[in-house]
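# Structural description and commentary
Spelled out, the chains give:
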Number of protein chains: 2
Amino acid sequence: MTNSSLDYLFNPRSIAIVGVSDDSSKFNPGRGFMQSLIDLGFKGNIYPVNSNGEEVLGSKIYPSMKDVPDEIDYVISAIPAQYTSQLVADCASKGVKIIHLFAAGFSEIEDEKGGQLESEIVEAARKDGMRIIGPNCMGVYYPKTGLSFTPDSPKRSGFSKQSGPFGLIAQSGGNCTYCIREATTRGIYFSKAINYGNAADINETDLLEYLTRDPETKTIAAYIEGVKDGSRFIKVLREATRVKPVIIFKAGTTEAGTRAAASHTSAIAGSNTIWGSLLKQTGAIQVHNIEEMVDIALLFSCISPPKGKNAAVIGVGGGASVQAADDCSNAGLTLPMLPPQIRQKLKDIYAPEAGDTGRIFKNPIDMFPFTGSVMLLDAIKIIADWDQVDLLIIHLAFDSMPLIDKQDAVRPYIKSILNLKNIINKPIVVALHSQATDEARELASEAYVELHKAGFPVYPSTSRAASAINKLIQYHEWHRRSKQDAS
Amino acid sequence: MTNSSLDYLFNPRSIAIVGVSDDSSKFNPGRGFMQSLIDLGFKGNIYPVNSNGEEVLGSKIYPSMKDVPDEIDYVISAIPAQYTSQLVADCASKGVKIIHLFAAGFSEIEDEKGGQLESEIVEAARKDGMRIIGPNCMGVYYPKTGLSFTPDSPKRSGFSKQSGPFGLIAQSGGNCTYCIREATTRGIYFSKAINYGNAADINETDLLEYLTRDPETKTIAAYIEGVKDGSRFIKVLREATRVKPVIIFKAGTTEAGTRAAASHTSAIAGSNTIWGSLLKQTGAIQVHNIEEMVDIALLFSCISPPKGKNAAVIGVGGGASVQAADDCSNAGLTLPMLPPQIRQKLKDIYAPEAGDTGRIFKNPIDMFPFTGSVMLLDAIKIIADWDQVDLLIIHLAFDSMPLIDKQDAVRPYIKSILNLKNIINKPIVVALHSQATDEARELASEAYVELHKAGFPVYPSTSRAASAINKLIQYHEWHRRSKQDAS
């Protein structure tokens, strides 16, 4: 453990959860938090606290904090806002390090008493050396020590126990939850994810600073509705982007969005234009939704930086190829036309089987769906070997295939892509798109799992793949230029 | 039947399929076409033709066209390009009305012999009063008479037998197939869909003209890579948009896309800017992918035109509400702030249960997920009754809910939406988004089916919903202004 005051946020030795009900007939957030810690395998002691009740989830319920027969590092408060002042006092006498306040009803409400209460609590906590995460938040997901805020059961999709390189800071609990699920479903795992809500004490900038220094975090992403101290944030962000990639989703950039953000987390938002130009200057990558955040994080974890913007776009079907070419071009990538000698090599492979010399062989390249894996592999190798190609985008439109059995076409194609892993030494990005029917979704889902396991970044459309790649390339260009300017 | 020469394209009394193999161990397009007609219940006679073979799919194989003991209105040719001239001659002597050429290898190939062959065939056919669809295409899907080009089996997702108001013209067979599947999965069905490939004879403009006059078609969509005669196309398009909504997806608008379109269907494409301004002048709606095409068609089939751009955005969760507000504003919609008296009414409903006066109640409106259906229904009625609201966007982020059981939250919410159908007389659009986990997808899939059945337009993101609505509103404004100018 370092000497940072935030270390207890991730490495508490024991946790008390205040407001855990043993009445399982009703939803109770405290019990939900407790179940989450149990499900993710938190190693330290967990103490449920409530003035009522005997036992919950196999543990004795303690009537108050002071009755807990152990030191407590970390308290999860699942009681309403108005009881929080007393709780903070109890925590102080118990020597608590971190208080996580789940309840809303503080500075984000219209009544100014909410803001006043929030300030008083933070002041009281700091006086006694305690730090507060929240209020109005879900807290911490840290697979390494088993911290979590979502139970895992057949009825619920919990968070993965697996750790990874992705560090997330999110002001919204819902978006934090969605990002964790979206990323892990697509094969990237988390070093740490923190939902910090109103940011009364620990705020986005503190967390950004922490993750910048955190050796477990290789890529940082942040969902932010508003920042507490703009100039400190920008300063810390500049330092962060020097060390590792930082992806920022600034929400609440329209009038209605700003209004919503204010009611949500008391955030003072700002216009998209201001944020766009500010972020550009810091070398951070700006995104506009959670999916795009994951789209880009996926590239940092799966591929090495492409040398340039020249993409070879390989897929099945004419219409899908036209669309893919437009998508990639519109996103900012270049599709260099394959020279005659390479096109001839491809025709030599395909003509005998396809009996069709009119296929799209110039880039984009339209592959014949009935081709065996070996043949497809040979063709892709020929294309990848061309020195004008910096990266490959391989795509498949699942529901665009009439007449044929999709399964017969899809499985060998996916197998070919999997076989490319150790053969092609240029970045490969996969788009599995045009899924409408259940049949397509099931086949795609099977393919996703195999491709993720093998480390391929997979996208649901060529436009999202192309846009993420283009932002990755711009990011590397910016930092290359920035280093040159500095030297 | 009208006297149009295209009527036989949709209403043939008998079909011969040339090039049907009885060897089921190999893929054979002719057999695929035959299976498709059988599966969709084509009522006329089907005659397989091939120089080899005895019987296929329960029918005798005839060695040549002239051996077929019946009149033939419609021929599907599944033989290679080089045998087509002979086939056209055989069709002429048989009095055939329509020849559908599946094979590629005509004007889209680099070798100029392909274009020459195509011209010769068209000339020969026209001389004898025959019309050609294709070459290089899948032909016609017309559920009413049972025309189809995709077999339906446990391994394949065929096309629906149900008819509907949506008419599709598509130059690409893959995109035609995908659009049919995407639309029917989302609850809109087809009057007719035609994939016309190289457009050697029957082209996009002929088909647009036909669908304009077709009483079964209420909304027209077209996927076009290039047009044969620009000024006639624009003229016919102007006439079409006066009669019914026309959605145009012009692909091949970038250099690489144009190159792909040329190799795909021999289309001479044009830049996005030119097409954008041309289409704007005609009153057509321009889209940029198949999903967007269906997004807009869905609105025409499900809702009445909103009176204006003022949307009330109702959902669950703070982050999701901020995102939805930004999405709707960025798409061009307005979110008027709810006045104090309406906010008070909402608080009166929610405060006792939620114990939380800080929710987002200004528009966007953040609904409490645990609220029973009745309460949610009451709240939505209050919002919809406000005269400043022109339409409702109700959304749900499936994977953004931590702690709680998604099923407990989702099902009552969907039930409430279903109950709104006959209560609210303003347009309602639903977005079911943020689906990452299998659990979310399964729940969403269940909800989609129920909502589609009840006639709600459903979108996978608030941004796609908002963008479609905004285009619908712009469409109605354009046509209102255009009528005023004319009168």
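One can find the structure itself at the top, above this paragraph.
Everything numeric in this text was worked out from a predicted model, so none of it was measured.

## Considerations on the overall build of chain A
- A count of helical and extended segments in chain A gives 16 helices and 18 strands.
- Taken over the C-alpha trace, chain A has a radius of gyration of 26 Å; the compact-globule value for 487 residues is 23 Å, and the two agree within 12%.
- Dimensions of chain A, computed from the C-alpha atoms along their principal axes, are close to 80 × 50 × 40 Å.
- Counting the 487 residues in chain A, one finds 63% classified as buried.
- Across chain A, the fraction of contacts at a sequence separation of at least 24, relative to all contacts at a separation of at least 6, is 74%.

## A look at the relation of the copies chain B and chain A
- Superposition of chain B onto chain A requires a rotation of 180° combined with a translation of 0.0 Å along the rotation axis, giving an RMSD of 0.0 Å. The transformation just described matches what one would write down for a two-fold rotation axis. Considering only C-alpha atoms, the part of chain B nearest the rotation axis is Arg 441 of chain B, at 4.9 Å.
- A shared interface surface links the copies, since 99% of the contact residues of chain B are contact residues in chain A too.

## Some thoughts on the packing of helix H5 (residues 173-185) of chain B against helix H10 (residues 290-302) of chain B
All names here are of chain B.
- Contact pair H5 / H10: the axes reach a minimum separation of 10 Å and the direction vectors enclose 40°. Put simply, H5 runs oblique to H10. The hand of the H5/H10 crossing is right-handed. Of the residues in H10, those touching H5 at Asn 175, Tyr 178, Cys 179, Glu 182 and Ala 183 are Ile 290, Glu 291, Met 293 and Val 294.
- When the residues that make up the contact of H5 with H10 are grouped by side-chain class, the tally is 6 nonpolar, 1 polar and 2 charged.

## Here's the deal with the sheet that holds strand E18 (residues 458-459) of chain B
Residues and elements named next belong to chain B.
- The parallel open sheet is built from 5 strands, whose spatial order is E15-E14-E16-E17-E18. Edge positions in the sheet fall to strand E15 (365-366) and E18, since each of these pairs with one other strand and no more.
- Note that strand E16 (residues 391-397) and strand E17 (residues 428-433) share 6 bridges and pair parallel. Within E17, the position partnered with Ala 397 by the bridge is His 433.
- Sitting on the sheet, helix H11 (residues 318-331) is in contact with strand E14 (311-315), E15, E16 and E17, with an inclination near 140° to E16.
- Relative to the sheet, helix H14 (residues 406-420) contacts E14, E16 and E17, its axis offset from that of E16 by approximately 165°.

## Side note on the environment of Leu 208 of chain A
- Relative to the assigned elements, Leu 208 of chain A resides in helix H6 (residues 204-213).
- With residues up to four places along the chain from it excluded, the contact list for Leu 208 of chain A reads Ile 169, Ile 220, Phe 233, Val 236, Leu 237, Ala 240 and Val 246 of chain A.

## Focus on the side chain of Glu 204 of chain B
Residues and elements named next belong to chain B.
- Topologically, Glu 204 is positioned in helix H6 (residues 204-213).
- No salt bridge is formed by the buried Glu 204; the nearest opposite charge belongs to Arg 232, separated by 6.4 Å.
- Within the structure, Glu 204 has its side chain in polar contact with the side chain of Thr 205 (distance 2.9 Å).
- In this structure the side chain of Glu 204 is engaged in a polar contact, spanning 3.4 Å, whose partner is the backbone nitrogen of Lys 228.

## Here we look at the packing of aromatic side chains
Residues and elements named next belong to chain A.
- Considering all chains together, one arrives at 22 aromatic pairs over all chains under this definition.
- Ring plane angle 90° and centroid distance 5.2 Å describe the contact between Phe 149 and Phe 159, whose orientation is recorded as edge-to-face. With a gap of 10 residues between them, Phe 149 in the loop between strand E8 (139-141) and strand E9 (163-170) and Phe 159 in the loop between E8 and E9 connect regions that are remote in the sequence.
- Phe 149 gets classed as buried once you look at its relative accessible area, which sits at 0%.
- Taken together, Tyr 141, Phe 149, Phe 159, Phe 166 and Phe 190 form an aromatic cluster joined through their ring pairs.
- Sitting above the plane of the Tyr 8 ring, Lys 97 keeps its charged end 5.1 Å from the centroid.
- Lying across the ring of Tyr 459, Arg 186 places its NZ or CZ 5.3 Å from the centre.

Cut-offs applied
- Residues numbered from 1 in each chain as written.
- Chains lettered and ligands numbered in written order.
- Predicted model: local features only at pLDDT ≥ 70, side-chain atom pairs only at ≥ 80, totals over all residues.
- Heavy atoms only, no water.
- Helix = DSSP H or I, 4+ residues; strand = E, 2+ residues; numbered from the N terminus.
- Rg over C-alpha atoms; globule rule 2.2 N^0.38 Å.
- Buried < 20%, exposed > 50% of the residue type's maximum accessible area, 1.4 Å probe, protein only.
- Contact = heavy atoms within 4.5 Å.
- Least-squares fit on C-alpha atoms with pLDDT ≥ 70 in both.
- Axes fitted to C-alpha atoms, helices over the stretch in contact; angles between N-to-C directions.
- Parallel < 35°, antiparallel > 145°, perpendicular 65-115°, else oblique.
- Left-handed = near helix turned anticlockwise from the far one by under 90°.
- Nonpolar A, V, L, I, M, F, W, Y, C, P; charged D, E, K, R; others polar.
- Pairing = 2+ DSSP bridges.
- Lys, Arg positive; Asp, Glu negative; His and termini not counted.
- Salt bridge = Lys/Arg side-chain N within 4 Å of Asp/Glu carboxyl O.
- Polar contact = N/O pair within 3.5 Å; in protein donor to acceptor, adjacent residues only side chain to side chain.
- Phe/Tyr/Trp six-rings, centres within 6.5 Å; stacked < 30°, edge-to-face > 60°.
- Lys NZ or Arg CZ within 6 Å of the ring centre and 35° of its normal.

Spatial relationships are all this shows, so hold off on functional conclusions.
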